[in-house]
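# Observations on the three-dimensional arrangement
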Amino acid sequence: MKFRERLKKGTMILDGGMGTMLQAKGMELDEIPELLGIKKADWIIDIHRRYVNAGADMIYMNTFGANSYKLSRTEFSVDDVIHAALANARKATEGTDTLVALDIGPIGQLLEPAGSLAFDDAYSIFKEQVIAGKHADCIVIETMTDLCELKAAILAAKENSTLPVICTMSFEENQRTFTGCQISALALTAEGLGVDAVGVNCSLGPLELYPVVEELLRWTSLPVIVKPNAGLPDPETNKFTITAEAFAEAMLPYRQMGVRIFGGCCGTTPEFIKSMVRTFNKSELDETKKISCVKRSAICSATKTVTIDEPRVIGERINPTGKKKFKEALLNNDIDYILHQAIEQVEAGADILDVNVGLPGIDEKAMMVTVVKELQGVVDVPLQIDSTSPEVIEAALRVYNGKAIVNSVNGEPESLSSVLPIVKKYGAAVVGLTLNKAGIPKTAEERFRIAEEILQEAERLGIAKEDVFIDCLTLTASAEPEGVKETLKALHQVREELGLQTVLGVSNISFGLPSRELVNQNFLMMALMQGLTLPIMNPNSEGMMGALRAYRLLTNLDKNAVDYIARYQDVTIQTTASIGTSEATGSKETKKESSKPVISEKDMKKKTDLSSAIEQGLKKEAAVYTSELLEQMPSMQIVDQYLIPALDSVGARFEQGKVFLPQLILSAAAAQSAFDVIKADIAASGTDAVNKGIIVIATVHGDVHDIGKNIVKVLLENYGYTVIDLGKNVPKEEVVNAAIQHKASLVGLSALMTTTLPSMEATIALLREKNAECKVMVGGAVLTKEYAMKIGADYYCKDAKEAVDTAKQVYKN
């Protein structure tokens, strides 16, 4: 029976932990689990059979880390490992209808812009795995924390296989992944890309995952998967906290919520699966407890979802049309100028950013891909991809991290057939322009008919109604005054009769007129009253944003005027009226009354300097500002007054959940560019280099996970510390020798697995035995503060920011 057929029958049971079972069989500390499919095939077959006998409808092949990056230090290829794993799984399921899934886990590197791994390289790694496992029954992509990496894996699976694809991410109790990905972003992106089921696994136990799964069920109509750990691990005993019976009882509420696919992750065994099947068979479903998905228009980046349940501003400034400086920036490849346009618009209140880089003389496709990647490193709002080229649109959507809007398609058959299939493939939303080969219709009725045609074709291709946005097109009032009311009439019809979201380029209305801002503000209010939900406008215009805030206040979208008062309670509005003489004619004319907000000092835009460049992750600008400051002050003054406070500010926002790991890393990279300038200046002057202290760091023996350790290294270096990075799977003797040789006052040790915690304890013990004059800080997902103190550590650091704080404390700087 195939996966999709099996899923239609109701609840589906998956297997439990593979690593847990391998450890119980005696797997060596530094063994690569996937290689045991070749070296110890009987172990793998036995584990699979036990899960089949426990009631699993589908088992995962032992291929979680079988990628070229992780296998590069072995003698085996991806094909070797995956083919052996498939043979073992088939052997274990002989005589049953149990399905076999190709299991794909994270590569083990961070993707750009936070890391060094390119999207296309990640895709190629996953593609190799998918092709090698093409004879499985299903593809499982699991334990992901980076939405962009998940997207690369899904595309590799969908484009190189016809197998069903299911995916799960690992969420923490703050309802975000390690990199800050939201639950809603997972749902919107994965469902849009066409997976068969979506869910959560690892990180937490079944009790802790309830709110995560409840939220996911509200955001997706797909079957939902839950594969929790057996509670939380006890670092002292290397055992998890929940029994098989307690696990089964804790899983029961998920079935009542509407979850369809169940299994276990770390710490779970065949007994857990058997107990869960037994408990489910004895229980009855209560349909009143089922959580249903809410249909809505929404787009997202990885870290921010924008629901279009009220007017949302699309910033228009990333567009070369009529902008000399922007054109120059494109021609000169001045990406920082473009990033500044984005940052300013978001700070001014833009919810979404339109991105148009079409200009003669440049490679639009390459520039669009670069700009999309860079923008997603410095702002968290979703993007609208604006191009007339289907090739450019697809290239941008491919690397976009989340669910974007495509601007645009129109009523011409060629446009519909070339753009809508791309929109469908990548799960985007789309703006439909109410024009066709005959141009823009004069009447509202004709524009409405084109909107209907666009919607019909979109729905025929499987694009949801909620993802179709209609632009009834703003005509210039000075040239076509009759067109204004037709635009508003068409907008109203589309909103009321079709129930679609509506888009307008607001400022087009005033082209060629004096006092354009006045016309724009009034037209915006008129359009909002007729149902405009997505105005494309300049959010840097205080008048336009003020009009929108007033609309939200007057329509009670801004409950109790909270936002309006917060913005204007310290603002003085000055209105003046004057009579002037036209220089052109010499005649008297009455100037229109204007309202000019005088913004208080606290609301004025921050002066862009080195600190803000670092906080915003602008590497090039950080270097430029540092060079300028070196002409005015000593290098250490720059470090103490600019670099460190900026990093502290980002770190504080990271701890508050206001920025996330990618932003933290990019800020550190910007600080690094500033440090590089300072180091070069110091070298040229012959003075002492910046060094706030020496720190030795390592992932302990037996543990090959180093992403967390690498992040700590980046931050420490950017605070001015010299870091001796020994790498991963480091013997205790090597750590001790390095600490003594470099006279380090601080050693940092990392471990991600409970099985390697004894190595951490042994390393600390040897440091003490050899009288290494250093403090020890430890970190890792399985550690607790209590256990860290018990094994002799001086400090427990839950994240990279705490490692920096510890270094400051040790070195008193």
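The notes below deal with the structure included here.

With that settled, the discussion passes to the pattern of salt bridges. Within this structure, the stated rule accounts for 32 salt bridges. Residue glutamate 159 is joined to lysine 425 by a salt bridge in which the shortest nitrogen-to-oxygen separation is 2.8 Å. You can see glutamate 159 sitting in helix 8 (residues 147-160) and its partner lysine 425 sitting in helix 17 (residues 413-426), a full 266 residues away along the chain. Residue class for glutamate 159 comes out partly exposed when judged on its relative accessible area of 30%. Overall, lysine 425 belongs to the partly exposed group, its relative accessible area being 34%. With a closest N to O distance of 3.9 Å, glutamate 271 and arginine 278 form a salt bridge.

In a beta sheet, neighbouring strands pair by backbone hydrogen bonds and run either parallel or antiparallel. Around the barrel, which closes on itself, the 8 strands sit in the order 13-14-15-17-18-19-20-21 with parallel pairing between neighbours. The sheet shows a mean angle of 30° between the axes of neighbouring strands, taken without regard to direction. Looking at chain direction, strand 13 (residues 314-318) and strand 14 (residues 352-355) are connected through 3 bridges and run parallel. The partner of isoleucine 318 across the bridge, within strand 14, is valine 355. Here helix 17 sits on the sheet and contacts strand 17 (405-410) and strand 18 (429-433); the angle it forms with strand 17, its principal contact strand, is near 160°. In this fold helix 18 (residues 444-460) packs onto strand 17, strand 18 and strand 19 (468-471), with an angle of close to 160° to the strand it touches most, strand 19.

Spatial strand order, 1-10-7-6-5-4-3-2: 8 strands in an open sheet with parallel pairing. Strands with a single pairing partner mark the edges of an open sheet, and in this sheet they are strand 1 (12-13) and strand 2 (58-60). Across the sheet, helix 7 (residues 119-132) touches strand 3 (99-104) and strand 4 (138-144), and the angle it forms with strand 3 is around 160°. Each of strand 4 and strand 5 (165-169) is contacted by helix 8, which is oriented at about 170° to strand 4, the strand it contacts most.

In this model, helix 19 (residues 481-498) (18 residues) spans 26 Å end to end at C-alpha, consistent with the 26 Å of a helix rising 1.5 Å per residue. Next to the buried residues of helix 19 lie helix 18, strand 19, strand 20 (501-505) and helix 20 (516-529). Taken from the residues just after helix 19, glycine 499 is the one with a positive phi, measuring 70°.

Calculation criteria
- Residues numbered from 1 in each chain as written.
- Predicted model: local features only at pLDDT ≥ 70, side-chain atom pairs only at ≥ 80, totals over all residues.
- Heavy atoms only, no water.
- Salt bridge = Lys/Arg side-chain N within 4 Å of Asp/Glu carboxyl O.
- Helix = DSSP H or I, 4+ residues; strand = E, 2+ residues; numbered from the N terminus.
- Buried < 20%, exposed > 50% of the residue type's maximum accessible area, 1.4 Å probe, protein only.
- Pairing = 2+ DSSP bridges.
- Axes fitted to C-alpha atoms, helices over the stretch in contact; angles between N-to-C directions.
- Contact = heavy atoms within 4.5 Å.
- Expected span 1.5 Å × (residues − 1).

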